[in-house]
Amino acid sequence: MIKIRDLHKYYEGYHLFKGVNLDVAKGEVVVCIGPSGSGKSTFLRCINGLELFQQGEIVVDGIELYSINRQRPVAKELETMRQVRLKVGMVFQQFNLFPHMTVLENIIEAPIQVNNAARDATIEQARSLLRRINIEQKATSYPDELSGGEQQRVAIARALAMKPAAMLFDEPTSSLDPEMVGEVLAVIKGLVNEGMTTLIATHEMDFAREVADRVVVFESGDIIETGTPEQIFTNPAAERTRVFLSRVLQR
Amino acid sequence: MKNIQRLFPLLLLLAVLLGWSVPVMADTLAEIQQRGYLLWGSDAEGGAPYIFPDPKDPSRFIGFEVDLADELARGLGVTARQAQNAWDSLIPALLRGDSDIAMNGIEITPQRQQEVLFSKPYYLYTEQLVVGQNETAIKGVDDLAGKKVGTLSGTVAQDILTKMTGVEVKIYSSQVAPYEDLAIGRLDAVLLDLPIAAYYGKPNPKLKYAGPPVGAGFYGIAIRQGDEPLQQKIDAILARLAASGRLREIYEKWDMWNEQQVKLFEEAGGEKPGFVDLEASKRAPLHTFIPNLLKGAGVTILISVISMALAVSLGLILTVIRLYGRPPLSSLATAYIELYRGTPLLIQLYILYYGLPNIGISLNPLTAAFLGLGMNYAAYEAELYRAGINAVAKGQMEAALSLGMTRSMAVRRIILPQAFKIALPGVTNDFIALFKDSSLVSVIAMVELTKTYSILAASTLRFFEFGLIVALLYFAMSYPLSLLARRLEKRLKRSNR
């Protein structure tokens, strides 16, 4: 479903990715962990074209993204990036709901504007998504009237409304108050159980252990270890993984 | 790019609406008769006894040249319409086609004869020196060395003064201001045409004539070169008016008739029927001027609203090109913004109105006013929008893109609606500023509120009370806008929706 080959990226003059490879099969759940600044967020952002990369290739559901070196991508490249984004939904750490639209409008905006979907059917679909995340009564509220957890659940629904083939979660619970983390993770868990191909960057180790088919450990722009949650959390092969895990699990 | 394509018809419509008129140099005489009125260029500001607002009904102009213009029009079988312009711009305005003729005490001089045709003279003028009541040193034009002497820009009096050695010449663009300055001691003397001195200088108890009139010359009606048929027709009408005694009647009505014209204004003579002197203008009840002032205010509102509409839309186009366009388009937009913000609005207006005709584009005053103000403020609006767009969280664009939107759709649907709300209080404030800056377009022959003020104040010398009234009118129009701006700011603070 997602194939990454020999990914190189320079970040403000710094050589962040030096040839990263990863394959995500259909229906597979891959969780990226690693210290802050290790590149797991940037990695996710490369997959849906929010970050350019300078060497290598990324294939998402048959659509190929090649490295782009120029400052401003040309129209054809922009369109390829857009096609990729139509395949993968993205959920951000900061929610990024559109503040000038109600919850319902946030969800129906892209299907109607981008896919020219019929309005009534889209609203119906949006309501069922809201029911699923248990927030239907807030349909006409504005984002600033919602709690952080509610906003992130709406952001997930908004991405799902485009019927993506895969979902990317970029530290979805990092800016939430602790009591709201659970409700968001529950929604993601539900999605994973339905067989959605998913890539998650997170600091929630228990959650990673629970949902991941495979755990990928990032450090300094490199994947230092890949394995089942069982292997990684109980018997990591790399010394650096062990150091990282002992630091985060102590807390 | 799609956005810009969508805006293109709008731009086209704007261009058509504002449309520019290229002066038609064809047969002016035939054109006048076809259109049914004669456009005569003159400056109503401080124009007595030539042309000034009737104190009984200030929406009407009176003066000996108004009477003369009516007679000329009648001779042509049409009616007369005044075309307002600053006095020293009357000939340029005539050349660009703003009027058919210019008649406003324009002296026939060799320099002017190179530019325009003149009719036969219709009045013989002399120059009169006026000094303060207590002045003893200046007894005539020979005593002016080392003195500060005021006069009107572009007059023969100015030529006389500048040719004299050691005279400090102060040039004014209105004929009333030099006498005002003389009365309060800013000047030592004023040299101007006798009819002007008789109207503004002589009635002032603080001023007196110094010596006999000097110089002599003729006022003539300026006509564009190539309009010989019109010139001949006007000469014939003038000859008829002189022969029938009608010309003399007009001059007698305005107390300007005298064979020698030297003793003319020395006579104590009582008011003749139809003559309106400065005292009558000074005493006229205030309410008679209200319709004029309101009309001026109306023009001010019209100019402000249309200019602001232009500024708001052009500013948006500039911002979108600057932020999302590719070079060199984006650099051009940046250059436009910097250029318009970095040069005075006044100069931009002069170039638009007086400069463009040199390269064959002649805008009418209203169009020049809209474009001048609108294009200038567009640069400021563009900066406000840019600040607004930059204030929208970066994640908004990423979220929109991640949902499969194109960049232009994201800008249109997600970024701009939020940026507008942030920019709105600033835009409202700019509207207030533009509203006040609209007074600058009086330099390009628009009679809006400020110009109405200077015309009325100059003919009545009631600078103070008219000043207060006009200031009050401006305030009454701008204050509601400030209230609106404040409310918008408050709403913005409450919510980021």
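Residue positions are given per chain, counted from 1 along the sequence in the order it is written. Each chain is given a letter, starting from A, and each ligand a number, starting from 1, according to the order in which they appear as written. With the structure being a predicted model, the display of local features is reserved for residues of pLDDT at least 70 and the display and counting of side-chain atom pairs for 80 or more, all residues being used for whole-chain, interface and lining totals. Each side-chain value is derived from all of the structure's non-hydrogen atoms; neither hydrogens nor water enter the calculation.

Asker: When you look at the confidence of the model for chain B in this model, what are you seeing that I'm missing?
Answerer: All names here are of chain B. Confidence of the predictor at the level of single residues is given by pLDDT, which spans 0 to 100. On average, residues of chain B carry a pLDDT of 83, and 89% of them reach 70 or more. The least confident element of chain B, judged by mean pLDDT, is helix 1 (residues 2–18) at 51; the most confident is helix 16 (residues 394–402) at 94. This model gives residues 16–25 a pLDDT under 50, and the stretch forms 18 contacts once residues within four places in sequence are excluded. Between two residues, a contact is recorded if the distance between any of their heavy atoms is within 4.5 Å. Contacts for the low-pLDDT stretch residues 260–275, under 50 throughout, to residues beyond four places or in other chains number 32 contacts. Interface predicted TM-score (ipTM) for the complex: 0.93; the corresponding pTM is 0.69. Helical segments are the DSSP runs of H or I of at least four residues, strand segments are the runs of E of at least two, and each set is numbered from the N terminus.

Asker: Can you help me understand the sheet that holds strand 10 (residues 222–227) of chain A in this one?
Answerer: Strands in a sheet are paired, the pairing made by backbone hydrogen bonds, and the direction either parallel or antiparallel. Residues and elements named next belong to chain A. The six strands lie next to each other as 6-7-8-3-9-10, forming an open sheet whose pairing is mixed. Each end of this open sheet is capped by a strand with a single partner; those strands are strand 6 (88–91) and strand 10. Pairs of neighbouring strands in the sheet enclose a mean axial angle of 15 degrees, with direction left out of account. Against the sheet, helix 2 (residues 75–87) makes contact with strand 6 and strand 7 (166–170), and its axis sits at roughly 80 degrees relative to strand 6, the strand it touches most. Those strands touched by helix 9 (residues 239–250) are strand 3 (29–33), strand 9 (214–219) and strand 10, and its axis lies near 85 degrees from that of strand 10. For two strands to be treated as a pair, DSSP must find no fewer than two bridges joining them. Axes, fitted as lines to C-alpha atoms, cover a helix only where it is in contact. Angles between the N-to-C directions of the axes lie from 0 to 180 degrees.

Asker: Quick question: what am I supposed to make of the sheet that holds strand 4 (residues 55–60) of chain A here?
Answerer: Residues and elements named next belong to chain A. Across the sheet, which stays open at both edges, the four strands sit in the order 2-1-4-5 with antiparallel pairing between neighbours. Strands with a single pairing partner mark the edges of an open sheet, and in this sheet they are strand 2 (14–24) and strand 5 (63–66). When the angles between neighbouring strand axes are averaged without regard to direction, this sheet yields 20 degrees. Bridge analysis of strand 4 against strand 5 gives four bridges, and the strand direction is antiparallel. Bridged to V59 within strand 5 is E64. Seen against the sheet, helix 1 (residues 40–47) touches strand 1 (2–11), strand 2, strand 4 and strand 5 and runs at an angle of roughly 120 degrees to strand 1. Packing against the sheet, helix 2 makes contact with strand 4 and strand 5, and its axis sits at approximately 130 degrees to strand 5.

Asker: Sorry, what's going on with the pattern of salt bridges here?
Answerer: Pairs can form between side chains of opposite charge whenever their charged atoms are close. A carboxyl oxygen of Asp or Glu within 4 Å of a side-chain nitrogen of Lys or Arg is what we treat as a salt bridge. What the rule picks out here adds up to 33 salt bridges over all chains. For D54(B), the salt bridge goes to R60(B), with nearest N and O atoms at 3.1 Å. Accessible area is worked out with a 1.4 Å probe on protein chains only. A residue is then buried under 20% of its type maximum, exposed over 50%, and partly exposed in between. Take D54(B): its relative accessible area is 7%, and that puts it in the buried class. Its salt-bridge partner being R112(B), residue E107(B) comes within 3.1 Å of it at the nearest N-O pair. One salt-bridge network, in which partners are shared between bridges, spans K9(A), R45(A), E51(A), K394(B) and E398(B).

Asker: Looking at this structure, how should I read helix 8 (residues 194–201) of chain B?
Answerer: Owing to its 3.6 residues per turn, the α-helix brings residues three or four apart onto one side. Burial of helix 8 of chain B is extensive: eight of the eight residues sit out of reach of the surface. Within helix 8 of chain B the residues assigned to the buried category are L194(B), P195(B), I196(B), A197(B), A198(B), Y199(B), Y200(B) and G201(B).

Asker: Any chance you could explain the packing of helix 3 (residues 64–76) of chain B against helix 10 (residues 246–253) of chain B here in plain terms?
Answerer: How two helices pack is summed up by the angle between their axes together with the distance between the axes. Residue and element names in this part refer to chain B. In the contact formed by helix 3 and helix 10, the axes pass within 9 Å of each other and the chain directions differ by 155 degrees. With respect to their mutual orientation, helix 3 and helix 10 come out roughly antiparallel. Relative to helix 10, helix 3 is oriented so that their crossing is right-handed. Two secondary-structure elements touch here, helix 3 through F64, D67, L68 and E71 and helix 10 through R246, L247, I250, Y251 and K253. Considering only residue class, the contact of helix 3 with helix 10 consists of five nonpolar, no polar and four charged. Roughly parallel means an angle under 35 degrees; roughly antiparallel means over 145; roughly perpendicular covers 65 to 115; every other angle is labelled oblique. Left-handed describes a crossing whose near helix is turned anticlockwise from the far helix by less than a right angle; the clockwise case is right-handed. Charged means Asp, Glu, Lys or Arg here, nonpolar means Ala, Val, Leu, Ile, Met, Phe, Trp, Tyr, Cys or Pro, and polar covers whatever is left, Gly included.

Asker: Would you take a moment to explain the interface of chain A and chain B for this structure?
Answerer: Each side of the interface is counted separately: chain A has 30 residues, and chain B has 24 residues. Between the two partners, chain A and chain B, sit two salt bridges. One salt bridge in this structure joins R45(A) and E398(B), with 2.5 Å as the shortest N-O distance. Polar contact is the term for a pair of N or O atoms within 3.5 Å; when the atoms are in protein, one must be able to donate a hydrogen and the other to accept it, and sequence-neighboring residues count only if both atoms are side-chain atoms. Taken together, the links from chain A to chain B amount to six residue pairs in polar contact (both at pLDDT 80 or more). Contributions of two or more residues to the side of chain A that touches chain B are made by helix 2, strand 6, helix 3 (103–115) and helix 5 (148–160) of chain A. The leading source of residues in the side of chain A that touches chain B is helix 2 of chain A, at five residues. Its residues assigned to classes, the side of chain A that touches chain B shows 18 nonpolar, four polar and eight charged.

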